[in-house]
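Here are the chains, one letter per residue:
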Amino acid sequence: MFNQISAPLKQSLLPDVRSFAGCLALLLIAIVAPMVQAKGLAPADIERVLGEAHRQFSGVKNGANANYIPALDQVNPELFSISLMTPDGRVYDVGDSNYTFSIQSISKAFIAAQVIETQGKDAMLEQIGVDATGQPFNSIKAIEMIDERSVNPLVNAGAMASVSMLKADSPEAKWAQILGTLEGFAGRKLTVMEDIYASEAASNDRNQAIAKLLEAYGRLYDDVESTVDLYTRQCSVGVTSHDLAVMAGTLAAGGINPVTQKQVVSRENVPEILAIMATAGLYDDSGIWLYNVGLPAKSGVGGGIVAVAPGEYGIAAFSPRLDEAGNSVRAQLAIAYIVEQLGGNIFE
Ligand code: GLN
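Residues numbered from 1 in each chain as written. Predicted model: local features only at pLDDT ≥ 70, side-chain atom pairs only at ≥ 80, totals over all residues.

**A closer look at the nonpolar core**
Here comes step 1: Grouped together as the largest cluster of nonpolar side chains are 92 residues, with contacts concentrated most on M160, A248, I273 and I335.
Here comes step 2: Among the elements that take part in this core, helix α4 (residues 106–119) stands out by supplying eight residues, more than any other.
Here comes step 3: For M160, the contacting residues outside a window of four places in its chain are N207, I210, A211, L214, L220, T227, V228 and Y231.
Here comes step 4: Ranked by size, the runner-up nonpolar core spans eight residues in total, among them A71, L72, I196 and V301. (Core = buried A, V, L, I, M, F, W, Y, C linked by C-beta atoms within 7 Å. Buried ≥ 20, exposed ≤ 12 C-beta atoms within 10 Å, placed from the backbone. Helix = DSSP H or I, 4+ residues; strand = E, 2+ residues; numbered from the N terminus. Contact = placed C-beta atoms within 7 Å.)

Following this line, the structure appears as structure tokens:
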């Protein structure tokens, strides 16, 4: 358009156009800059608050390692790390953030994302369900009491139903999908911790019973044996708190991994994933967590917890001692403190 204006006219118009555009730009900067500054977190503040949380809660010794999976009982209970990722791709780490531990149930949120992404929101609602059970994560009573049976993808029943829903020609191909999804969120190659896998595979009778019960109710969509095995492998994938912060940070950034810039899950599916995490991410303590912290989150019996402040940051903390519900004591305290200090509560 502008090029079609004759040269002399262009010249006479230019100063005005420039000064008008210039004024507008200055005005916009004056209005928007303080807003951006108020919302964006200063790196120094993030580092300070993470350090405070680590120092403050290192001395907490309550709880105990998960012992129903023998290998988890062997992990040093003093390990403690916190990592936070902002959508610009920066990751802040404190403590043992290079230590690799098993992802356990945290993986369930990302495989739920894969089910929603590949099969749609209705498939999740109809074939698994999204309500909280109010029961422990490996509850058989919940399956008997609640008509949906698998109930939601963040308890063992629903997580195994999620694995069974993934479509693949062979267990190997399905495993490639599962690992690929976790790697997409983490932004790097991940591997199974074989000692954890072997220990859990040798002691997962209860999960086998759950899968069999789901099959009896017509709520498992592939065979029991391969489903339980793939689920056990999925839980044994090794991650650091740094990885988990990137995984949570990807959800905070609307499904785009800030490290690889790849769209791992569509932006339009993120709210449903976060909703499931908000209602069921910390098992039967999900209500207390949401009341106190106000962020969708997911825990694992390996001692990790991730939480997502949409648009602001993804955070992860790791320490092996768990409370009665199976949630890391120090990780809960650390994330609660950091959210209180940095803001992010979705209800505020
Ligand atoms: N692999 C564990 C199990 O199936 C996961 C449980 C958890 O992290 N809450 O029991």
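**Digging into the packing of helix α8 (residues 171–186) against helix α11 (residues 224–235)**
Here comes step 1: Taken N-terminus to C-terminus, the directions of α8 and α11 make an angle of 30°; their axes are 11 Å apart at the nearest point. Between α8 and α11, the angle falls in the class roughly parallel. For the element pair α8 and α11, the recorded crossing hand is right-handed. Facing α8, whose interface residues are P171, K174, W175 and I178, α11 presents S226, L230, R233 and Q234.
Here comes step 2: Split into classes, the residues belonging to the contact of α8 with α11 amount to four nonpolar, two polar and two charged. (Axes fitted to C-alpha atoms, helices over the stretch in contact; angles between N-to-C directions. Parallel < 35°, antiparallel > 145°, perpendicular 65-115°, else oblique. Left-handed = near helix turned anticlockwise from the far one by under 90°. Nonpolar A, V, L, I, M, F, W, Y, C, P; charged D, E, K, R; others polar.)

**A word on the pairing of strand β7 (residues 313–318)**
Within a regular strand, side chains alternate between the sheet's two faces.
Here comes step 1: Of all the six residues making up β7, six are buried; the element is thus mostly covered by neighbouring parts of the structure.
Here comes step 2: Burial of β7 is two-sided: the residues Y313, I315 and A317 facing one way and the residues G314, A316 and F318 facing the other way are all buried.
Here comes step 3: Pairing analysis gives five bridges linking strand β1 (residues 81–85) to β7, with the strands arranged antiparallel. Pairing of M85 across the sheet is with G314, part of β7.
Here comes step 4: Bridging between strand β6 (residues 304–309) and β7 involves six bridges; their strand directions are antiparallel. Of the residues in β7, the one forming a bridge with A309 is Y313.
Here comes step 5: Following β6, the chain reverses through three residues before pairing antiparallel with β7; G311 in that reversal takes a positive phi of roughly 80°. (Pairing = 2+ DSSP bridges.)

**Examining the environment of F57**
Here comes step 1: One can find F57 in helix α2 (residues 43–57).
Here comes step 2: Residues F57 and A331, spaced 274 residues apart in sequence, show a C-alpha to C-alpha distance of 8.8 Å.
Here comes step 3: Excluding residues that lie within four positions of it along the chain, F57 makes contacts with R330, L333 and A334.

**Notes on the confidence of the model for the protein chain**
Here comes step 1: Across the protein chain, the average pLDDT comes to 90, with 89% of residues at or above 70.
Here comes step 2: Considering only residues more than four positions removed or in separate chains, one finds that residues 1–18, a stretch of pLDDT under 50, has two contacts.
Here comes step 3: Between residues 22–38, whose pLDDT stays under 50, and residues either more than four places distant or in other chains, the model counts zero contacts. (pLDDT = per-residue confidence, 0-100.)

**A few points about α4**
Here comes step 1: The terminal C-alpha atoms of α4, which comprises 14 residues, lie 21 Å apart, in line with the 20 Å expected from a rise of 1.5 Å per residue.
Here comes step 2: Most of α4 is tucked away, with 11 of its 14 residues classed as buried.
Here comes step 3: Residues of α4 that are buried: I106, S107, K108, A109, F110, I111, A112, A113, Q114, V115 and I116.
Here comes step 4: Residue G120 follows α4 closely and has a positive phi angle near 95°. (Expected span 1.5 Å × (residues − 1).)

**A word on the site of the ligand**
Here comes step 1: Around the ligand, the structure places Q104, S105, F137, N138, N156, E200, N207, C235, G300, V301 and G326.
Here comes step 2: The residue inventory of the shell around the ligand, partitioned by class, reads three nonpolar, seven polar and one charged. (Near = placed C-beta within 6 Å.)

**Concerning the sheet that holds strand β5 (residues 297–299)**
Here comes step 1: Taken in spatial order, the five strands make up an open sheet running β2-β1-β7-β6-β5, and their pairing is antiparallel. Two strands close off the open sheet at either side, each with one partner strand: β2 (91–95) and β5. Each strand axis lies, on average, 10° off the axis of its neighbour in the sheet, ignoring direction.
Here comes step 2: Inspection of the sheet shows β1 paired to β2 by five bridges, in the antiparallel sense. Paired with L84 across the two strands is Y92, which belongs to β2.

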